[in-house]
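# Descriptive structure summary
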Amino acid sequence: MHISRSIEILVGLFVAIGFVAMFFLSMEVSNLSSVSKEGGYDVTASFENIGSLKVRAPVSMAGVTIGRVKGVEFDPVTYEAVVTMSIESKYNQLPSDTSASILTAGLLGEQYIGLEPGGEEELLKNGSVLELTQSAVVLEQLIGQFLFNSDSE
Amino acid sequence: MLNYFQRLGVSSLAMLERLGRGSLFFFYILMSIPSVIIRPRLLVAQMYSVGVLSFSLIVVSGLFVGMVLALQGFYTLSDFGAEGALGVVVSASLIRELGPVVTALLFAGRAGSALTAEIGLMKATEQLSGMEMMAVDPMARIMAPRFLAGLLSMPILATLFSAIGVLGGYFIGVGLLGIDEGGFWSQMQAKIDFDQDIVNGLIKSVVFGWVVTWIAIFEGYDAIPTSEGVGRATTRTVVHSAFAILLLDFILTALMFGDV
Amino acid sequence: MGIDWGNKLSETNALIKLRDVHFSRGSKLIFDGVDMDIQRGKVTAIMGPSGTGKTTLLKLIGGQLKPSSGFIEMDGQNVHQLKHKQLYQLRKKMGMLFQSGALLTDISVFDNVAFPLREHTQLPESMIRYLVLMKLHAVGLRGARDLMPSELSGGMARRVALARAIALDPMMIMYDEPFTGQDPISMGVLVQLIRLLNDALGLSSIVVSHDVKETCAIADYIYLVSGGKVIEHGSPQQLADSESEWTQQFMQGMADGPVPFHYAAKEYAKDLLSARGVK
């Protein structure tokens, strides 16, 4: 059976358009362009309460996303949550006494980790532990606290 | 009453038998795939009739599905003042669900039924038998290239559907409803994950491509070789494909996104 | 494709041997011990009433169906013990002409005839063109090469299929009901072609048919099959002179005889009277 040239060209175009669509989805629609998959380094931090923080939540400093939450585990000894964050390798100038807090984007938005730089000369590297942490604000607790405080006054 | 159980038994046995024959058939196709790799021209011809000819249908459907999603999403999101998340809503639903599923359903209607009819007619007019007697194995010459073409075309079409749909959503959201363009894209990029969303959507479309093409080719091959039999087989292809797609979509979604 | 000369001299010189072939479809017994020898270089006809499984017999020989017992040998090879690959090798030596022609409907006449050549040989396109035109010329349809199968009449389609069947220069050709539904002219053409090709190309031919006159005109040897058995065999002349009533009825196309005009039924008068109010 003979296939005409035009059919071959059309099939080639078809496959090429498929690749273009794939490229568009990966680069423009998804986070593939903003997060480099490899070359990041991991730091961990312990929190008393992480609220509803999820794996893949952004890790940001000064509002810029510089990494992602890689894993959340529970430490049975300290009863704290241990969060592993992957920071992109180009942000390797962070001081070792950087503090981490769990924040909420907007009133109903998702939770993310905000980093605040410290003043140490030493820098964070793979496996570093962030000592200064601030847990997620749980709305119920906050309201409870507020009521308790206003009562005592 | 007993009669009812007997009929149930007979029909489930028949179904099981068909499933068995279908699996065996699939096994033979797999065995014949190397012969297609030696002769890629056969595959190109089938990519044309299976993939390229479904192109316009997929593009038009994708565009409109994306535009409708944007209109409906905007309506709901504006109640919460979260119009900026429109890009996320459109792209997530397209990439995770509608892209693969709607493409597969359209594909079953367009390419699947055509495959069944073509192979069924080849059987009815003794072309398959004739090929066997010419020492040309219909599995390698007819079935395997069509199967591979379906398997390869589906993910391409589904990706295209999603991409066009996102663009359609963009035209409506940013162009017509006046959502901020930067927010549309950036929220989308922040929320859509390559591994989690795009790769999983791609896996879905490959699975759907496999099951639709398999059903279509088998129904054609197994059709009663009369015009009536071929007609019925064509209908069965569309119905069974639709069931299989929706069932598999549920299973895959539960496996992929169930714990998120 | 070398011929095994040592094996060839054993027993009989027949190209195809069927020995005690049984075949049943579901619970219906189609063949109940069939023995046949198809001689080399001859036109052998298999005749019998409709529904005796003549086409099935061809499919058994071609290895598309498997007998439940007995064996079929072609050119010294047991057809049904061959592996998939060997069977396909063997089939290159067979041509088969289906009742419908079985042309591939999406390609032209030329490409149809070229199909087996392109599938099985690595010949350059110029050579294929030469061969295809030669085969088409042999069946008188060189001018129809650019037509599509849907544009052909039934007789022309069969001639194209014939050209395709001889494309690979097989050892034998099986014709499945070649004369059915043909007008007298194309019938005459086919009769002549079968004989001519058989002799000119040194083929062996098997013709399955129930058209007595045409078949007798070209066949060297005839097997009469009915009820799953070979009823009688011999040259056309021998059969015409046969003493068997059944053979006479079949060969002369008489309405009544050993094969009754009436399908088995109750006695006529009784049947009419009992038609009402018995239940």
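Residues numbered from 1 in each chain as written. Chains lettered and ligands numbered in written order. Predicted model: local features only at pLDDT ≥ 70, side-chain atom pairs only at ≥ 80, totals over all residues. Heavy atoms only, no water.

To continue, consider the overall build of chain C. Scanning chain C for helices and strands turns up 11 helices and 10 strands. For chain C, the spread of C-alpha atoms along the three principal axes comes to 75 × 45 × 40 Å. Burial analysis of chain C (279 residues in total) assigns 50% to the buried set. Of the contacts formed within chain C by residues at least 6 apart in sequence, a portion of 62% connects residues at least 24 apart. Total accessible area computed for chain C in this model is approximately 13900 Å², and 54% of it derives from carbon and sulfur atoms. (Helix = DSSP H or I, 4+ residues; strand = E, 2+ residues; numbered from the N terminus. Buried < 20%, exposed > 50% of the residue type's maximum accessible area, 1.4 Å probe, protein only. Contact = heavy atoms within 4.5 Å. Areas by Shrake-Rupley, 256 points an atom, 1.4 Å probe, with all protein chains shown as cover.)

Here we take up the nonpolar core. Ranked by size, the top nonpolar core spans 80 residues in total, and within it Val29 of chain A together with Met143 of chain B carry the most contacts. With 18 residues, helix H6 (residues 138-176) of chain B is the largest single contributor of residues to this core. For methionine 143 of chain B, the residues in contact, after removing those within four places along its chain, are Phe25, Ile29, Ile119, Leu128, Pro138, Ile217 and Tyr221 of chain B. In terms of nonpolar packing, the next biggest core, distinct from the first, is built from 37 residues, Val43, Val160, Ala163 and Ile166 of chain C among them. (Core = buried A, V, L, I, M, F, W, Y, C linked by side-chain atoms within 4.5 Å.)

Looking now at the sheet that holds strand E1 (residues 16-25) of chain C. Residues and elements named next belong to chain C. The 4 strands lie next to each other as E2-E1-E4-E5, forming an open sheet whose pairing is antiparallel. With one partner strand each, in any of the chains shown, strand E2 (28-38) and strand E5 (77-78) form the two edges of the open sheet. When E1 meets E2, the two strands line up antiparallel, connected through 8 bridges. Along E2, the bridge assignment pairs valine 21 with valine 34. (Pairing = 2+ DSSP bridges.)

Let us now look at the interface of chain B and chain C. Contact with chain B, which involves 16 residues of that partner, is made by 22 residues of chain C. For the pairing of chain B and chain C, the buried interface totals around 1700 Å² over both sides, and the portion due to carbon and sulfur atoms is 55%. Summed over the three residues of chain B that lose the most area to chain C, namely Glu126, Met133 and Met134 of chain B, the buried surface amounts to 40% of that side. Counting the contacts that link chain B with chain C gives 2 salt bridges. When the shortest N-O distance is used, the salt bridge between glutamate 119 of chain C and arginine 39 of chain B registers 2.9 Å. Connecting chain B to chain C are 10 residue pairs in polar contact (both at pLDDT 80 or more). Those elements giving two or more residues to the side of chain B that touches chain C turn out to be helix H5 (127-133) and H6 of chain B. Sort the elements by how many residues they give to the side of chain B that touches chain C and H5 of chain B lands first, with 6 residues. Classifying every residue of the side of chain B that touches chain C gives 7 nonpolar, 4 polar and 5 charged. (Buried area = accessible area lost by both parts, 1.4 Å probe. Salt bridge = Lys/Arg side-chain N within 4 Å of Asp/Glu carboxyl O. Polar contact = N/O pair within 3.5 Å; in protein donor to acceptor, adjacent residues only side chain to side chain. Nonpolar A, V, L, I, M, F, W, Y, C, P; charged D, E, K, R; others polar.)

Here we take up unusual backbone geometry. Both trends apply: most residues other than glycine have a negative phi, and most peptide bonds are in trans. Even without glycine at this site, tyrosine 79 of chain A takes up a positive phi of about 55 degrees. Along the chain, tyrosine 79 of chain A turns up in the loop between strand E3 (64-75) and strand E4 (80-87). A positive phi angle, close to 50 degrees, is found at glutamate 177 of chain C, a residue other than glycine. Within the secondary structure layout, glutamate 177 of chain C lies in the loop between strand E7 (172-176) and helix H7 (184-200).

This brings us to the pattern of salt bridges. Following the criterion strictly, the structure yields 27 salt bridges over all chains and no others. A salt bridge links arginine 41 of chain B to glutamate 8 of chain A; the shortest N-O distance between them is 3.0 Å. Placement of the pair is arginine 41 of chain B in helix H2 (residues 40-50) and glutamate 8 of chain A in helix H1 (residues 5-29), with the two residues belonging to separate chains. For arginine 41 of chain B, a relative accessible area of 44% translates into the label partly exposed. Close ionic contact of aspartate 249 of chain B with lysine 204 of chain B constitutes a salt bridge, the shortest N to O distance being 2.9 Å. Placement of the pair is aspartate 249 of chain B in helix H9 (residues 227-257) and lysine 204 of chain B in helix H8 (residues 194-222), with a sequence separation of 45 residues. Like lysine 204 of chain B, aspartate 249 of chain B is buried.

Contacts between the two partners involve 32 residues from chain B and, on the opposite side, 26 residues from chain A. Interface area, chain B with chain A, both sides summed: about 2700 Å², of which 73% is carbon and sulfur. When the area that chain B buries against chain A is broken down by residue, the three leading residues are Arg41, Gln189 and Phe194 of chain B, summing to 21%. At the boundary of chain B with chain A, the tally comes to 1 salt bridge. Taken together, the links from chain B to chain A amount to 2 residue pairs in polar contact (both at pLDDT 80 or more). When residues of the side of chain B that touches chain A are traced back to their parent elements, those giving at least two are H2, helix H4 (86-124), H6, helix H7 (181-191) and H8 of chain B. Considering each element in turn, the side of chain B that touches chain A owes the most residues, 10 residues, to H6 of chain B. For the side of chain B that touches chain A, the residue count by class is 20 nonpolar, 7 polar and 5 charged.

On to the environment of leucine 103 of chain C, then. Mapped onto the elements, leucine 103 of chain C comes out in the loop between strand E6 (94-97) and helix H4 (109-120). Owing to a relative accessible area of 8%, leucine 103 of chain C belongs among the buried residues under this scheme. The spacing of leucine 103 of chain C and valine 113 of chain C is 10 residues in sequence and 9.0 Å in space, taken between C-alpha atoms. Contacts of leucine 103 of chain C, omitting those with residues within four sequence positions, involve Gln127 of chain B together with Asn112, Pro149, Leu152, Ala157, Val160, Ala161 and Arg164 of chain C.

Now for the pairing of strand E8 (residues 204-209) of chain C. Residues and elements named next belong to chain C. Within E8, 6 of the 6 residues are buried, which leaves it mostly tucked inside the rest of the structure. The two faces of E8 match: Ser204, Ile206 and Val208 on one face and Ser205, Val207 and Ser209 on the other face are all buried. The pairing of E7 with E8 spans 5 bridges and is classified as parallel. Bridged to methionine 172 within E8 is serine 204. Viewed along the sheet, the connection from E7 through H7 into E8 turns out right-handed. (Right-handed = clockwise from strand over helix to strand, strands pointing away.)

Helix-helix packing: each pair is described by the crossing angle between the helix axes and the interaxial distance. Residues and elements named next belong to chain B. Close contact between helix H1 (residues 2-38) and H8 brings their axes to 10 Å; oriented N to C, the two are set at 105 degrees. Taken as axis vectors, H1 and H8 run roughly perpendicular relative to one another. When H1 is examined against H8, the residues Arg18, Arg21, Gly22, Ser23, Phe25, Phe26 and Ile29 are found in contact with a partner set consisting of Trp210, Trp214, Ile217, Phe218, Glu219, Tyr221 and Asp222. The class makeup of the residues in the contact of H1 with H8 is 8 nonpolar, 2 polar and 4 charged. (Axes fitted to C-alpha atoms, helices over the stretch in contact; angles between N-to-C directions. Parallel < 35°, antiparallel > 145°, perpendicular 65-115°, else oblique.)

Turning our attention to the confidence of the model for chain C. Atom-level detail of predicted coordinates should not be read off regions where pLDDT is low. Residues and elements named next belong to chain C. Scored by pLDDT, chain C has a mean of 83; 94% of the residues are at 70 or more. Contacts of residues 1-10 to residues separated by more than four positions or lying in other chains number 7 contacts, the stretch itself having pLDDT below 50. Reported confidence for the predicted complex is 0.82 by ipTM and 0.79 by pTM. (pLDDT = per-residue confidence, 0-100.)

Further remarks concern the packing of aromatic side chains. The final tally for this structure, using the stated rule, is 16 aromatic pairs over all chains. Pairing phenylalanine 14 of chain A with phenylalanine 55 of chain B gives two aromatic rings, centres 6.4 Å apart and planes at 80 degrees, and the pair type is edge-to-face. Here phenylalanine 55 of chain B lies in helix H3 (residues 55-77) and phenylalanine 14 of chain A lies in helix H1, a pairing that spans two chains. Judged by relative accessible area, which is 26%, phenylalanine 55 of chain B ranks as partly exposed. Chaining the aromatic ring pairs together yields one cluster made of Phe24 of chain A together with Tyr170, Phe171, Phe184 and Trp185 of chain B. Directly above the ring of phenylalanine 257 of chain B sits arginine 96 of chain B, whose terminal nitrogen or CZ lies 4.2 Å from the centroid. Lying over the aromatic face of tyrosine 88 of chain C, arginine 91 of chain C brings its terminal NZ or CZ to 5.0 Å of the ring centre. (Phe/Tyr/Trp six-rings, centres within 6.5 Å; stacked < 30°, edge-to-face > 60°. Lys NZ or Arg CZ within 6 Å of the ring centre and 35° of its normal.)

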